[in-house]
2 protein chains.
Amino acid sequence: MITLRPEPLTAEGFAPFGTVIQRDGAENYLINDGTTRRFNALSHVDPGPEGEVIVSIFHGARRPSPIAIRMLERHPLGDQAFFPLGGGDWLVVVAPGEQPTPANCRCFRAGPDQGVRYARGVWHHPLLVLDATQDFLVLDRHGPGTNLEERIFEPDTETVIEGI
Amino acid sequence: MITLRPEPLTAEGFAPFGTVIQRDGAENYLINDGTTRRFNALSHVDPGPEGEVIVSIFHGARRPSPIAIRMLERHPLGDQAFFPLGGGDWLVVVAPGEQPTPANCRCFRAGPDQGVRYARGVWHHPLLVLDATQDFLVLDRHGPGTNLEERIFEPDTETVIEGI
């Protein structure tokens, strides 16, 4: 059995996979006659060639414990970004390179004020929430072409997240 | 004195100005092995020619009562979308056409689960929150060119929002 233990989600640690969308460390300034503070350009979202950015909401339910990682997916044509709409911590599982395996997965624990942008083509697990349910604003690509690939792991090795 | 009384924010009522970003009435379906419901494509966000979509957070404070409308602004090069990150109701003030005046402003009261996309070039008031403070995820354009126009109303007519 392979176990993944969540590490804290930081901009530096997540940099190979995309962007952490968070106020911490962001350029910010007052606008609107001083009534609004803008934390500017926390991320971009690139929908890729011939794509447009669309806004969706994902209502995610917690998976049974222990949370098992049996596959990853990726979007070869455009970025995908998630930002939580309330709720608590949630999990981000990614793998580097072109050939993801259970052994090279990494798990990050995101806070309730942290979103992520998965860069185009980065292998990641579908939404993993720790609350019973949690909602996210999701930004991704609408456009022509097939923007989903899945990699199913071999069933002989179980991969679970521990320490949550 | 001109008074604006908020009307409920509905997709139909707001259609001349952009999109209401909300689950109600949206196409939705289960994904991720049935653990996630996707409310799909609630809006698109068009950053305009040579633009890219960026994600920011606005931390807005309530203005003094009565809330006065002294100007509008617009973004001639790209869309701008707001979605609340918790909190309560908030206000959306817009005006049709090219020449906004206090008399043709309209005020909508948005719920805590409603965002809006201001279509490119639509005159609107900067962020108006009803809580002491409220945070929003904001999607707009990054790119070359001047993407802000302001129209300051004549000071001899006071325009205030009533009934809030």
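Note that the coordinates shown come from a computational prediction; the quantities given were computed from them, not determined experimentally. (Residues numbered from 1 in each chain as written. Chains lettered and ligands numbered in written order. Predicted model: local features only at pLDDT ≥ 70, side-chain atom pairs only at ≥ 80, totals over all residues. Heavy atoms only, no water.)

Visitor: Sorry, what's going on with the environment of Phe153 of chain B here?
Guide: Residue and element names in this part refer to chain B. Along the chain, Phe153 falls in the loop between strand 15 (149-152) and strand 16 (159-161). Each C-alpha atom, one on Phe153 and one on Leu127, is 17 Å from the other, the two residues being 26 residues apart in sequence. Dropping the residues within four chain positions of it, Phe153 is found in contact with Ile69, Arg70, Met71, Leu72, Pro100, Thr101, Pro102 and Cys105. (Helix = DSSP H or I, 4+ residues; strand = E, 2+ residues; numbered from the N terminus. Contact = heavy atoms within 4.5 Å.)

Visitor: Would you take a moment to explain the relation of the copies chain B and chain A for this structure?
Guide: When chain B is brought onto chain A, the operation consists of a screw motion whose angular component is 180° and whose axial shift is 0.0 Å, with 0.0 Å RMSD remaining. Here the copies are linked by what is in effect a two-fold axis. No C-alpha of chain B approaches the rotation axis more nearly than that of Leu85 of chain B, which lies at 2.7 Å. Mapped onto chain A, 100% of the interface residues of chain B again fall at the interface, so both copies present the same surface. (Least-squares fit on C-alpha atoms with pLDDT ≥ 70 in both.)

Visitor: What is the right way to read the sheet that holds strand 8 (residues 80-84) of chain A from this model?
Guide: Working definition: the strands of a sheet are paired by backbone hydrogen bonds and lie parallel or antiparallel to each other. Read across the sheet, seven strands follow the order 3(A)-11(A)-8(A)-14(A)-6(A)-5(B)-4(B) without closing on themselves; strand pairing throughout is antiparallel. Of all the strands in the sheet, the pair left with one neighbour each is strand 3 (18-21) of chain A together with strand 4 (28-31) of chain B. Strand-to-strand twist in this sheet, taken as the mean axis angle between neighbours without regard to direction, amounts to 25°. Sheet analysis places strand 8 of chain A next to strand 14 (residues 133-142) of chain A, joined by four bridges and oriented antiparallel. Bridging across to strand 14 of chain A, Pro84 of chain A finds its partner in Phe136 of chain A. (Pairing = 2+ DSSP bridges. Axes fitted to C-alpha atoms, helices over the stretch in contact; angles between N-to-C directions.)

Visitor: I tried to follow the nonpolar core on my own but got confused; where do I start?
Guide: The nonpolar side chains of a soluble globular protein tend to be buried with one another. The biggest cluster of nonpolar side chains holds 26 residues, and the ones touching the most others in it are Leu139 of chain A together with Leu139 of chain B. Those elements that place two or more of their residues in this core are strand 5 (36-45), strand 6 (52-61), strand 8 and strand 14 of chain A together with strand 5 (36-45), strand 6 (52-61), strand 8 (80-84) and strand 14 (133-142) of chain B. Among all residues touching Leu139 of chain A, those that are not within four sequence positions of it are Val45, Val53, Ile54, Val55, Asp79, Gln80 and Ala81 of chain A together with Val55 and Leu139 of chain B. (Core = buried A, V, L, I, M, F, W, Y, C linked by side-chain atoms within 4.5 Å. Buried < 20%, exposed > 50% of the residue type's maximum accessible area, 1.4 Å probe, protein only.)

Visitor: Help me out: how do you make sense of the sheet that holds strand 4 (residues 28-31) of chain A in this one?
Guide: One open sheet holds the seven strands; their spatial order is 4(A)-5(A)-6(B)-14(B)-8(B)-11(B)-3(B), and the pairing between them is antiparallel. Whereas interior strands pair on both sides, the edge strands pair on one side only; in this sheet they are strand 4 of chain A together with strand 3 (18-21) of chain B. When the angles between neighbouring strand axes are averaged without regard to direction, this sheet yields 25°. The pairing of strand 8 of chain B with strand 11 (residues 115-118) of chain B spans three bridges and is classified as antiparallel.

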